[in-house]
Amino acid sequence: MGLTVAEKIIKNHLVEGEMIKGSEIGLKIDQTLTQDATGTMAYLEFEAMGIPRVKTELSVAYIDHNTLQTGFENADDHRFIGSVAKKRGLRFSRPGNGICHQVHLERFGKPGKTLIGSDSHTPTGGGIGMIAIGAGGLDVAVAMGGGTYYITMPKIVNVKLSGSLKPFVAAKDIILKVLQIMTVKGGVGKIIEYTGDGVKSLSVPERATITNMGAELGATTSVFPSDEITKEFLKAQSREEDWIELKADEDAVYDEVIEINLDELEPLAAMPHMPDRVKSVKEIGKIKIDQVCIGSCTNSSLMDMLKVAEILKGKTVAPNVSLSIAPGSKQVLNMLSLNGALSSMIDAGARILESACGPCIGMGQSPNSKGISLRTFNRNFEGRSGTADAGIYLVSPETAAVSAITGYLTDPREFGDSLKITMPGQFIINDNMIELPASPEEAESLEIIYGPNIKPFPTSEKLPETVTAKVALKVGNDITTDHIMPAGAKILPYRSNIPYLSQFCFKQCDENFASRCKELGKGIIIGGSNYGQGSSREHAALVPLYLGIKAIITKSFARIHKANLINAGILPFTFKNEIDYDRIDEGDELSLENVREKIENGEKVFVKNLSKNEEYELEYDYSERQTAMLLAGGLLNYTKGE
Ligand code: MIC
Ligand code: SF4
């Protein structure tokens, strides 16, 4: 039987298990990346492991998230990460060099390799033919130390693209279409592999837009083949030698097939507050807008920016609309400046931001009250922009730029026939903002610089025989990690200070959650389906751990968050009968009797509702390794052999 692209790469990196869908497999990881919002924790964890040098082929520490420096905290964190990188053998991408995923694609991504990153949009690397997976910081720390990375062998979905995109219809519209079809839960436990003739018409950055936002499907990752177009991109990045061809065998077998005819696609938008609330721009109609933000790891490539500049050329941003543009990397910004495209943006009135995540993670540019903002980003969760009642629409760069001029959501096809953009055959290569590590000899005498904001991370205890605790919170479906542990300019500087962060936990859902947990001393959370979707931030597990959360019982979990809970030693269970979710109320006292023995022996687990004198059956699917981790009280205890 033939293999898919994903299976070929997995097979080459398989160190444990077999490629049987649904079973646990261990992968050798070639490359890792971190960013600064998750990186501080990942490097504290790496330091706790006591390994002197990273053992991967390549590990890069990026600074791109916490770039507003309104106090000493962010700059201290940058310095800490830089000092670890220098000493431990990592490259360090300095602030200003760009968004991790964009820079990684340009300078380091290699077809056929594995990459894990402490950021959920790491699958951007799938655009260049990598198996690139988002993970928690601790998993990345383990991989940096040469350890195996474990996932459940996913099902493989074939998205077959035919035809080619019409003018003003973009790669973003392809992934929005996939989101409309599959929804934000549709990709859980799956890899999305793109095939078909339509692939040939997409450049590597366009493919990367699609694999990037595959994260919003809940997918393990997404991948494109590596072909002549990949080769051209690598050549233009002066890295032709990194190219290998990768394509699925003729007789490869997929678990599901979705067909999309690119000729028929039209400009789409995801409406507030979920990336899968997709309608065509036409259908939504000409709503008045207050803000447009262009950039983020989804849409900040040179190609995207050149299109935006061409649309803005000679025009003025509509009155009462604020347009901000953040080119994805120093390379992109520099090329825009040298060819004059930047001038078209500035002249039209765009507010040019540094090459970083910026508004995407609420680092500035929060919209006005009840503001309508069009963004080329990947997430429009309620409150993520920093304005609780703002409405965010996710659109392509073309739709964003045309709408910025008209002042209302506009189908970009109204702008004209087509844009005349030519991609340069060679990018400007200057890696002067990527610091190289010290040699092992030099490294010995180097110090790691900890700032006063860096506090030790919480530790957990061995799983007790029985867990009895009150329901500290009950929430509904699609709870995101932005609900659990919000980000934004005010909170992100404390990513290395769990005690301080804890006061913001679940604040959007319940103002009193943190104080109630402190009163209770321990608690259980009840959730709906797709609990923990979104970011890879392990803070969404570490903070609840700090607040005494022992178990989380839901209708279903998102992949990375579930792995982070297990790493932290918090028990994730799902209801056998979803109806039981309705029977439990906040404040009920629950008891997981003999839970230690039961999960150790793989027996059925029941939770007793002591307040209502009822009992409900729960489900779990921990692998042997995960069971051992939970018994030990998390991955760190497990690794230390406790
Ligand atoms: C995000 O887009 O939510 C982030 C910020 O990039 C996160 C990581 C984080 O919370 O630091 C992600 O997607 O993993
Ligand atoms: Fe940064 Fe936004 Fe991409 Fe997350 S989604 S890595 S915050 S640009």
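Residues numbered from 1 in each chain as written. Chains lettered and ligands numbered in written order. Predicted model: local features only at pLDDT ≥ 70, side-chain atom pairs only at ≥ 80, totals over all residues. Heavy atoms only, no water.

Caption draft 1: Structural view of the pairing of strand E4 (residues 58–62). Counting buried positions over the 5 residues of E4 gives 5, a clear majority of the element. In E4, alternate side chains face the same way, and those of Leu58, Val60 and Tyr62 on one face and Ser59 and Ala61 on the other are all buried. Note: strand E3 (residues 31–34) against E4, 4 bridges, orientation parallel. In the strand pairing of E4, Gln31 is matched with Leu58. At this point the chain moves from E3, through helix H2 (residues 36–49), to the parallel E4, and the crossover so formed is right-handed. Judged from the 3 bridges that link them, E4 and strand E5 (residues 91–93) form a sheet pairing that is parallel. Following the sheet pairing, Tyr62 is matched in E5 by Ser93. (Buried < 20%, exposed > 50% of the residue type's maximum accessible area, 1.4 Å probe, protein only. Helix = DSSP H or I, 4+ residues; strand = E, 2+ residues; numbered from the N terminus. Pairing = 2+ DSSP bridges. Right-handed = clockwise from strand over helix to strand, strands pointing away.)

Caption draft 2: Examining the packing of helix H6 (residues 171–182) against helix H7 (residues 204–212) more closely. The geometry of H6 relative to H7 is characterised by a closest axis approach of 8 Å and an angle of 25° between their N-to-C directions. Between H6 and H7, the crossing angle belongs to the class labelled roughly parallel. Here the hand of the crossing between H6 and H7 comes out right-handed. For the pair H6 and H7, the contacting residues are Ala171, Lys172, Ile174 and Ile175 in the first and Glu206, Thr209 and Ile210 in the second. The class makeup of the residues in the contact of H6 with H7 is 4 nonpolar, 1 polar and 2 charged. (Axes fitted to C-alpha atoms, helices over the stretch in contact; angles between N-to-C directions. Parallel < 35°, antiparallel > 145°, perpendicular 65-115°, else oblique. Left-handed = near helix turned anticlockwise from the far one by under 90°. Contact = heavy atoms within 4.5 Å. Nonpolar A, V, L, I, M, F, W, Y, C, P; charged D, E, K, R; others polar.)

Caption draft 3: Fine view of the packing of helix H18 (residues 539–546) against helix H19 (residues 559–568). Packing of H18 against H19 brings their axes to within 8 Å, and their N-to-C directions diverge by 40°. On the basis of the axis angle, H18 is oblique to H19. Like other packed secondary-structure pairs, H18 and H19 cross with a definite hand, here right-handed. When H18 is examined against H19, the residues Ala540, Ala541, Leu542 and Leu545 are found in contact with a partner set consisting of His561, Asn564, Leu565 and Ala568. Of the residues that constitute the contact of H18 with H19, the class distribution is 6 nonpolar, 2 polar and no charged.

Caption draft 4: Local environment of unusual backbone geometry. Following Pro272, the chain continues into His273 via a peptide bond in cis, with omega recorded as 0°. Within the element layout of this structure, His273 appears in the loop between strand E13 (268–270) and strand E14 (278–280). At Ser296, a position not held by glycine, the phi torsion is positive, near 80°. With respect to the helices and strands, Ser296 occurs in the loop between strand E15 (291–294) and helix H10 (302–312).

Caption draft 5: Structural detail: the site of ligand 1. If you check the shell around ligand 1, you find 14 residues, and the closest are Asp119, Ser120, Arg384, Ser536 and Arg537. Gln35 places a side-chain nitrogen or oxygen 3.0 Å from an oxygen atom of ligand 1. A distance of 2.8 Å separates an oxygen atom of ligand 1 from a polar side-chain atom of Arg384. When ligand 1 is considered free in solution it has 330 Å² of accessible area, and contact with the protein chains removes 97% of it. Taken together, the residues of the shell around ligand 1 break down into 2 nonpolar, 7 polar and 5 charged. (Near = heavy atom within 4 Å. Polar contact = N/O pair within 3.5 Å; in protein donor to acceptor, adjacent residues only side chain to side chain. Areas by Shrake-Rupley, 256 points an atom, 1.4 Å probe, with all protein chains shown as cover.)

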